[in-house]
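One letter stands for each residue in the lines below.
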Amino acid sequence: MPDFLLEIGCEEIPARLIEAGSLELRERVGKLLERERLAPKGAIAFLDTPRRLAVLASGIPAAQPDVTEQITGPSLAVAYKDGQPTAAAHAFAKKAGVEVSQLEKASTPKGEYLSAKVTKKGRAASEILAELLPKEIQSIYWPKNMYWRKSSERFVRPVRWLVALLDAEVIPLEFDGIRAGNNSRGHRILADGAVQIPSAGTSYVDAVAAAKVLGRGERQQQIRKALDVATRAIPGARWREDKALLDTVVNLTEFPSVILGNFDPQFLELPEEVLVTVMRDHQKYFAVEDASGKLAPHFLAVLNTDADREGTIRHGNERVLRARFNDARFFWQTDQKQSLRDRLDLLKHVTFQKELGSYYDKTIRTQRLASWLSETVKQAGFAIRPGIVHKAACLAKTDLTTELVKEFTELQGIVGGLYARVQVLDEHMNDDVRQGISTAIYDHYKPQSMDDSVPRTVEGAVLSIADKADSIAGMFALGLIPSGSKDPFGLRRQANGIVKTIAEHKLPVQLGALMQDARIRYHGSDAEKQFSPNLSFEEAVRAFFRERLEFYLRDARGFAYDVVNAVLAAGSDDVVDAVARAEAVTKVRPSADFESISVAFKRTKNILRQAIEAGKEIAQAVDSALLKESAERALAEQVPQTAKRVESLRVDRNYEAALLEIAKLRPAIDYFFDKVMVMVEDARLRANRLALLQTLLKEFSTIADFSEIVTEGK
């Protein structure tokens, strides 16, 4: 069974697009091979670099296996007349490729028909791949495509060569005027030119490696090793770990090396955040720090070549970085001529969203929402300084008017926090208040992902929540709701941030009340006139945040999916409460009593659902006089007693103890289902027993819906 290789060689693909494009190519090729009965022996391997996407499938069939199937033709009444085959029978025999005498009779629910056994010969793998692969290549999704010859064929960058092999045999594949062969290309600088691939499989990897093209894992290892070696030239120094930057430079290179550069120590007078942003986001340099973790006047640049023996590249990088740092210093000094407080009116000329008004409008709304949140948090006993929240909300967006943020947009919020730290916001303001305002502004965009940290202070957390809630409320009211993969305003990310911040600070914030208050802040504004009249705002927001809370519990906190479903079925408005309930259910779930209770609740729910569907009456309350069996009397007696204890524990949020109390009902519930027939003919008796089950379900589903728990028997 031959190995299959496909390599698409092209102009440099943007680093941020390589991983997703490579993954989709693997998935498409894998599904194609599976669909065409050419599945490989193992997983599909890959090699992706800025100039190529390649997939390797080991041991695929050289041809499809033959398939024998029974096909049905015309009915016997049509196929034969007076015992002789008609034209219909002859036509069917010709279609099946057999003699009329070889046709068979088949009995079907519709009567007797002619049938024939047909063997379809499998097609050669090379023929199938040559025909179908171009469509799969063209169908890969890229955020932006390029057209350079035919408008019907497109790719992320112009394709320059194709390699398509079954072992050593070239597959006659063509895409956008490029015919596949067995010639790849090596590193653009170190080994540019044709690289003959003798056959698919390991020989491909060896051939391109000899031409200075390494796989992703090898490149990452080589970069890490080179970073370590280069940093050893500075006693006590270490390079600053940065996974996102490492992933980027891996996808910018085919054969990487590292150089150590330096910059003037005077630039260290600028805030570290500014210097690191310039190095990381604009130049793709790794920062270097000393033994105490402070930034050192050095940087590490990853090259897509093997060395810089003359130091020319290092000198050029140092010169570029010096110019960027000079720009940053100039912007910093220029911005200090106008305080954040004096910049507030400038926000009237900065658009937040065309229908929602300016950032000044957003600031006023956020300030009022943050004040309401501060009071809510304070009333719950949290130590919070509302004055800091109020002032920080007023100044949070003013850094959007600064020259530094205009040049380095990644620093929005951070620059505001830094400026608040060094500027005089009020002549009579205490230093600790100014620092509190600075920290809140600095953190208010946090968290920007589930991996990011939440704001460090309660004041920062409240400001962050208010800012994000205002954006979500406005966008939802306009009908700009995320759907599928479309979320142009990053509302899912912002909602994730709200959920994570509430959870980690354990804030007493109800999501429904938060979003309702955020929506109220638009009342009477010009923006409100643009709101969608047909949208059910509360319902849409509730469903959206339930989805985000589910994501947080399952993906960020790692709770089992059925535990999450059970917990959210009992309420999803209180994030902190939902987390506590999920933790409690997870702890008690392994017990045999809890599993038995879960099975019983499933049975209870099914009985009640079937009764409702059948139109059976359920009594309003349990009538003790109608409790005939000892098993139902015992359960009816224990339910209110247990419910009282569970409710007391639930109010104190002692959920683990409450669940253990519910689990104690197991003997009574098992006894009930073992001895009592619920759906009896007697309507009054049946309605009373259904009422007992409904009471059981209602009283003990406030912590979690146990019927959602997957048990071994299900």
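Numbering of residues starts from 1 in every chain and runs along the sequence as written. Predicted model: local features are reported for residues with pLDDT of at least 70 only, side-chain atom pairs are reported and counted for 80 or more only, and whole-chain, interface and lining totals are derived from all residues. With hydrogens and water set aside, each side-chain value is computed from the structure's full complement of heavy atoms.

**Student:** Explain the pattern of salt bridges here, please?
**Tutor:** Side chains that differ in sign of charge can pair as their charged atoms come close. Salt bridges are defined by distance alone: a side-chain nitrogen of Lys or Arg within 4 Å of a carboxyl oxygen of Asp or Glu. Here the structure, examined in full by the defined rule, presents 56 salt bridges. R188 serves as the salt-bridge partner of E11, at 3.5 Å between the closest nitrogen and oxygen. Note that E11 is positioned in the loop between strand 1 (4–10) and helix 1 (15–35) and R188 in the loop between strand 13 (183–185) and strand 14 (194–196), a separation of 177 residues in sequence. Across the pair R216 and E19 runs a salt bridge whose closest N-O atoms are separated by 3.8 Å. Here a strand is any run of E in DSSP of at least two residues, a helix any run of H or I of at least four, and the numbering for each starts at the N terminus.

**Student:** Where do I start with the pairing of strand 18 (residues 295–303) in this structure?
**Tutor:** Note on strand geometry: in a regular strand, side chains alternate between the two faces of the sheet. Of all nine residues making up strand 18, nine are buried, and the element is well covered by its neighbours. Only protein chains enter the accessibility calculation, which uses a 1.4 Å probe; a residue is then buried when its area is under 20% of its type maximum, exposed when over 50%, and partly exposed in between. Of the two faces of strand 18, both are covered, the one formed by L295, P297, F299, A301 and L303 as well as the one formed by A296, H298, L300 and V302. By this definition, two strands are paired if DSSP reports at least two bridges between them. Of the strand pairs in this sheet, strand 16 (residues 257–262) and strand 18 are connected by six bridges, and their pairing is antiparallel. Each bridged residue has a counterpart across the sheet, and for L260 the counterpart in strand 18 is L300. Examined bridge by bridge, strand 17 (residues 285–289) and strand 18 share four bridges and lie antiparallel to one another.

**Student:** When you look at the sheet that holds strand 7 (residues 104–108) in this model, what are you seeing that I'm missing?
**Tutor:** Within a beta sheet, neighbouring strands are joined by backbone hydrogen bonds and run either parallel or antiparallel to one another. Within the open sheet, the three strands sit side by side as 4-8-7. Their pairing is antiparallel. The open sheet has two edge strands with one neighbour each: strand 4 (67–75) and strand 7. Between one strand and the next, the sheet's axes are offset by a mean angle of 45°, whatever the strand orientation. Two elements, strand 4 and strand 8 (residues 111–120), share seven bridges in a ladder whose sense is antiparallel. Its bridge partner being in strand 8, E69 is matched across the sheet by V118. Orientation is described by lines fitted to C-alpha atoms, with helices fitted over the stretch in contact, and by angles between N-to-C directions that extend from 0 to 180 degrees.

**Student:** So what exactly am I meant to see when it comes to the sheet that holds strand 10 (residues 169–170) here?
**Tutor:** Reading across from one edge, 2-3-1-9-10 is the order of the five strands in this open sheet, with antiparallel pairing throughout. Edge positions in the sheet fall to strand 2 (45–49) and strand 10, since each of these pairs with one other strand and no more. As paired strands, strand 9 (residues 159–166) and strand 10 are joined by two bridges and run antiparallel to one another. In the strand pairing of strand 10, L166 is matched with E169. Contacts were defined at the residue level, with two residues in contact if any of their heavy atoms lie within 4.5 Å. Lying on the sheet, helix 5 (residues 202–210) is in contact with strand 1, strand 2 and strand 3 (52–57); it crosses strand 3 at an angle near 155°.

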